[in-house]
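Next come the chains, spelled out residue by residue.
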Amino acid sequence: MKTKILNVLRKSDGYVSGQALCNMLGVSRTAVWKVINQLKEEGYVIEAVQNKGYHITQYPDILTSSEIMSQLTCVDTGSTTGIIREVVYYDETDSTNNEAKRAAERDNAADGTLYITESQTGGRGRRGRNWVSPAGSGIWMSLLLRPDISPVNASMLTIVAAMAVQEAIHKVLTEDGHVAECRIKWPNDIVLNKKKVCGILTEMSAEMDYIHYVVIGINVNTTEFDDSIKATASSLYLETGDHLKRSRIVAAFSESFAKYYDTFVKTQNLAGLKEDYNSMLVNKGGEVSVRGLYGYV
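A.B. asks: I'm lost on the overall build of the protein in this one. Help?
C.D. replies: Counting its secondary structure elements, the protein contains 9 helices and 11 strands. Computed over C-alpha atoms, the radius of gyration of the protein comes to 20 Å, within 12% of the 19 Å expected from 2.2 N^0.38 for 297 residues, which places it in the range of a compact globule. Taking the principal axes of its C-alpha atoms as reference, the protein extends roughly 70 × 40 × 35 Å. Burial status across the protein gives 46% buried among its 297 residues.

Laid out in structure tokens, this is it:
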């Protein structure tokens, strides 16, 4: 009910009466009042005016299920848009990837379930590096998928995710009037003004080869980086000077991923995405070096 009330208030241009919410949801005025108070406790600033109703004037920067899903739900039909069908939120966890694996292995996680947290204590990046995930600074999430594709094609999901992240960040920045250049650095690093702001991994369960996890970390409002990476890493805040609402990026990612994922699953290759992917590359036409087992190629 919290998601539905938040969705209605979010999509309304003005005030929504308590009675209108009761009629829409089939609940009592007391039930609506309790949810409104819960939202206020979470940081939403809600004006309540007699004979007019409720109106949200300020949104907190949180990543709860109701905050994300309220942006992906149609007020009229109740249906959701995008790839995300359910959000499982944690204040803190070892890693969202581990949460996705544990749920998948219990076989109680549906396709399109998003695991997201404010803080990770054991996040892991490329080549086993520690993925620092402090609270309130970024988006740390894992999307569980059950695609009907050959396991050998699973790694291509990383490219699909990179395209969706690039488009989502570009959309949110454009809506806020920013002109910063967000692109993909081959093959799947997301860069803003040529500095890396996002890492993406794709993993497949060793026990059940039809379960895949796309792991994404985005530096949104991060202000400091370790000396070893601060020359090449950055955040959306450092590059734009604007504290962006992280849930907006997650919602935009969900819609973009669904579009590219549908094309990928139909072809089980990247042929249908090649043109769009090439248009997103920051280093198209340039020289790259590939680090292999025996050094650079």
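A.B. asks: For this particular structure, what's the right way to read the nonpolar core?
C.D. replies: The nonpolar side chains of a soluble globular protein tend to be buried with one another. Membership of the largest hydrophobic core comes to 53 residues, with the highest contact counts inside it found for Ile169, Ile190, Ile216 and Phe257. The leading source of residues in this core is helix α6 (residues 157-175), at 12 residues. With 16 residues, the next largest nonpolar core counts Leu39, Ile46, Tyr54 and Ile62 among its residues.

A.B. asks: Is there a simple way to explain the pattern of salt bridges in this structure?
C.D. replies: Between side chains of opposite charge, a pair can form as their charged atoms come close. This model, assessed by the stated rule, comprises 14 salt bridges. The salt bridge involving arginine 102 is made with aspartate 94; its shortest N-O contact spans 3.1 Å. Overall, arginine 102 belongs to the partly exposed group, its relative accessible area being 34%. For glutamate 99, the salt bridge goes to arginine 102, with nearest N and O atoms at 3.2 Å. With glutamate 99 and arginine 102 both in helix α5 (residues 96-105) and 3 residues apart, this pair spans about one turn of that helix. One salt-bridge network, held together by shared partners, links Asp61, Glu118 and Arg246.

A.B. asks: Quick question: what am I supposed to make of the packing of helix α1 (residues 2-11) against helix α2 (residues 18-25) here?
C.D. replies: In helix packing, the relevant descriptors are the interaxial angle and the interaxial distance, both defined with respect to the helix axes. In contact at an axis separation of 11 Å, α1 and α2 are set at 130 degrees when each is read in the N-to-C sense. Classified by the interaxial angle, the pair formed by α1 and α2 is oblique. Two packed elements cross with a definite hand, and for α1 against α2 that hand is right-handed. Where α1 abuts α2, its residues Lys4, Ile5 and Val8 lie against Leu21, Met24 and Leu25.

A.B. asks: Quick question: what am I supposed to make of the packing of aromatic side chains here?
C.D. replies: Here a ring pair, both rings aromatic, is described through the centre-centre distance and the interplanar angle of the planes. Per the stated rule, a full pass over the model turns up 3 aromatic pairs. Measuring from centroid to centroid gives 6.0 Å for tyrosine 44 and tyrosine 59, while their planes differ by 80 degrees, and the two rings are edge-to-face. Here the residue tyrosine 44 occupies a position in the loop between α3 (29-41) and β1 (45-49), and tyrosine 59 occupies one in the loop between β2 (53-58) and α4 (65-69), the gap between them amounting to 15 residues. Overall, the relative accessible area of 23% leaves tyrosine 59 in the partly exposed class. Judged by centre distance (5.3 Å) and plane angle (25 degrees), the ring pair of phenylalanine 257 and tyrosine 261 falls under stacked. Here phenylalanine 257 pairs with tyrosine 261, and both are found in helix α8 (residues 246-267), just 4 residues apart, close to one helical turn. Residue phenylalanine 257 is classed as buried on the basis of its relative accessible area, which comes to 0%.

Reading the values: rules and limits
Residues numbered from 1 in each chain as written. Predicted model: local features only at pLDDT ≥ 70, side-chain atom pairs only at ≥ 80, totals over all residues. Heavy atoms only, no water. Helix = DSSP H or I, 4+ residues; strand = E, 2+ residues; numbered from the N terminus. Rg over C-alpha atoms; globule rule 2.2 N^0.38 Å. Buried < 20%, exposed > 50% of the residue type's maximum accessible area, 1.4 Å probe, protein only. Core = buried A, V, L, I, M, F, W, Y, C linked by side-chain atoms within 4.5 Å. Salt bridge = Lys/Arg side-chain N within 4 Å of Asp/Glu carboxyl O. Axes fitted to C-alpha atoms, helices over the stretch in contact; angles between N-to-C directions. Parallel < 35°, antiparallel > 145°, perpendicular 65-115°, else oblique. Left-handed = near helix turned anticlockwise from the far one by under 90°. Contact = heavy atoms within 4.5 Å. Phe/Tyr/Trp six-rings, centres within 6.5 Å; stacked < 30°, edge-to-face > 60°.

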